[in-house]
Amino acid sequence: MSEIVAVYPGSFDPVTNGHLDLIARGAKIFDHLIVGVLQNREKAPLFSAAERVEMLREVTRQWPTVEVDVFDGLLVEYVRRRQARVIVRGIRAVSDYEYELQMALMNRRLEPQVETIFMMPDARYSYLSSRLVREIAQFGGRIEGLVPPVVEERLRAKVP
Ligand code: PNS
């Protein structure tokens with residue numbers, strides 16, 4: 001059997017403990033897990049793609065089979081280029097499902113050879129999102145336990 005390469009795509013602006021929980025689970029299942037950071041977004045991100053990649057590399061150092069990369073354009077094109085067979089997406093609650101199903105089916109239409117696999121992070125992270133973390137940090141709220149310490153530091157430096 002050939003190696004199973006999976007791509008875990010996202011904005012990761014910034015990486016949260018929920019993302020990390022999913023990466024840990026994915027690293028146990030797939031031979032190679034590529035965390036794909038989306039570069040082009042209509043809305044300006046808080047962290048540049050380079051900063052997001054840097055933080056992700058730092059917090060995923062413990063997993064030798066996990067790679068952090070940046071991608072641009074269509075996800076399925078990137079998945080094809082990386083010779084991956086699987087897209088991993090996290091589902092926290094039922095509310096995530098509708099959008100995720102739509103994306104998964106559209107990606108399947110674009111590239112039938114690629115399977116999307118949904119994984120659930122630990123229930124502790126079911127209400128956690130990068131958007132909320134950014135908002136809380138911007139208003140000076142407590143973000144301990146929501147993001148890795150290195151991200152906490154970066155957020156504090158970004159939003160004094
Ligand atoms: O972390 P996010 O913002 O929920 O991730 C969304 C992401 C990056 C997975 C999605 O926006 C994406 O795949 N963008 C790349 C462009 C693309 O392929 N769009 C068609 C999706 S059906």
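The coordinates are above.
Residues numbered from 1 in each chain as written. Predicted model: local features only at pLDDT ≥ 70, side-chain atom pairs only at ≥ 80, totals over all residues. Heavy atoms only, no water.

1. Some words on the overall build of the protein chain
Here's step 1: The secondary structure content of the protein chain amounts to 6 helices and 5 strands.
Here's step 2: Helices (α) and strands (β) of the protein chain occur, in sequence order from the N terminus, as β-α-β-α-β-α-β-α-β-α-α.
Here's step 3: For a compact globule of 160 residues, the expected C-alpha radius of gyration is about 15 Å, and the protein chain comes in at 15 Å, within 12% of that figure.
Here's step 4: Principal-axis analysis of the C-alpha atoms gives the protein chain an extent of 50 × 35 × 30 Å.
Here's step 5: By the burial criterion, 46% of the 160 residues in the protein chain qualify as buried.
Here's step 6: The long-range fraction of contacts in the protein chain, counting pairs at least 24 apart against all pairs at least 6 apart in sequence, stands at 74%.
Here's step 7: Carbon and sulfur atoms make up 53% of the accessible area of the protein chain, which totals about 9,300 Å². (Helix = DSSP H or I, 4+ residues; strand = E, 2+ residues; numbered from the N terminus. Rg over C-alpha atoms; globule rule 2.2 N^0.38 Å. Buried < 20%, exposed > 50% of the residue type's maximum accessible area, 1.4 Å probe, protein only. Contact = heavy atoms within 4.5 Å. Areas by Shrake-Rupley, 256 points an atom, 1.4 Å probe, with all protein chains shown as cover.)

2. Regarding the nonpolar core
Here's step 1: In terms of nonpolar packing, the biggest core is built from 33 residues, with Ile23, Leu33, Leu56, Val88 and Leu155 touching the most fellow members.
Here's step 2: Counting only elements with at least two residues in this core, the list comes to β1 (5-10), α1 (17-29), β2 (32-38), α2 (49-59), β3 (66-71), β4 (86-90), α5 (130-138) and α6 (149-158).
Here's step 3: The contacts of Leu33, once residues within four sequence positions are left out, are Ala6, Tyr8, Ile23, Gly26, Ala27, Thr65, Val66, Glu67 and Val88. (Core = buried A, V, L, I, M, F, W, Y, C linked by side-chain atoms within 4.5 Å.)

3. Focus: the packing of aromatic side chains
Here's step 1: One pass over the structure, following the stated rule, counts 3 aromatic pairs.
Here's step 2: Note on Phe71 and Tyr78: the rings are 5.1 Å apart at their centroids and 20° apart in plane angle, and the pair reads as stacked. Grouping residues by exposure puts Phe71 and Tyr78 together as buried.
Here's step 3: With 6.2 Å between their ring centres and 75° between their planes, Tyr97 and Phe118 make a pair best called edge-to-face. With Tyr97 in helix α4 (residues 94-110) and Phe118 in strand β5 (residues 115-119), the pair connects residues that are 21 residues apart, well separated along the chain. (Phe/Tyr/Trp six-rings, centres within 6.5 Å; stacked < 30°, edge-to-face > 60°.)

4. Here we look at the pairing of β4
Here's step 1: The buried fraction of β4 amounts to 4 of the 5 residues, a majority that puts the element mostly inside the structure.
Here's step 2: Relative to β4, β1 runs parallel, the two being bridged by 2 bridges. From the neighbouring strand, Val7 faces β4, where its bridge partner is Ile87.
Here's step 3: Sheet topology places β4 next to β5; 5 bridges connect them, and they run parallel. Paired with Gly90 across the bridge in β5 is Met119.
Here's step 4: For the segment spanning β4, α4 and β5, crossover handedness is right-handed. (Pairing = 2+ DSSP bridges. Right-handed = clockwise from strand over helix to strand, strands pointing away.)

5. Looking at the side chain of Thr60
Here's step 1: Relative to the helices and strands, Thr60 resides in the loop between α2 and β3.
Here's step 2: A polar side-chain atom of Thr60 sits 2.7 Å from the main-chain carbonyl oxygen of Leu56.
Here's step 3: Contact partners of Thr60, with chain neighbours within four places excluded, come to Leu20, Ile23, Val66 and Val68. (Polar contact = N/O pair within 3.5 Å; in protein donor to acceptor, adjacent residues only side chain to side chain.)

Function cannot be inferred from these measures alone, as they are strictly geometric.
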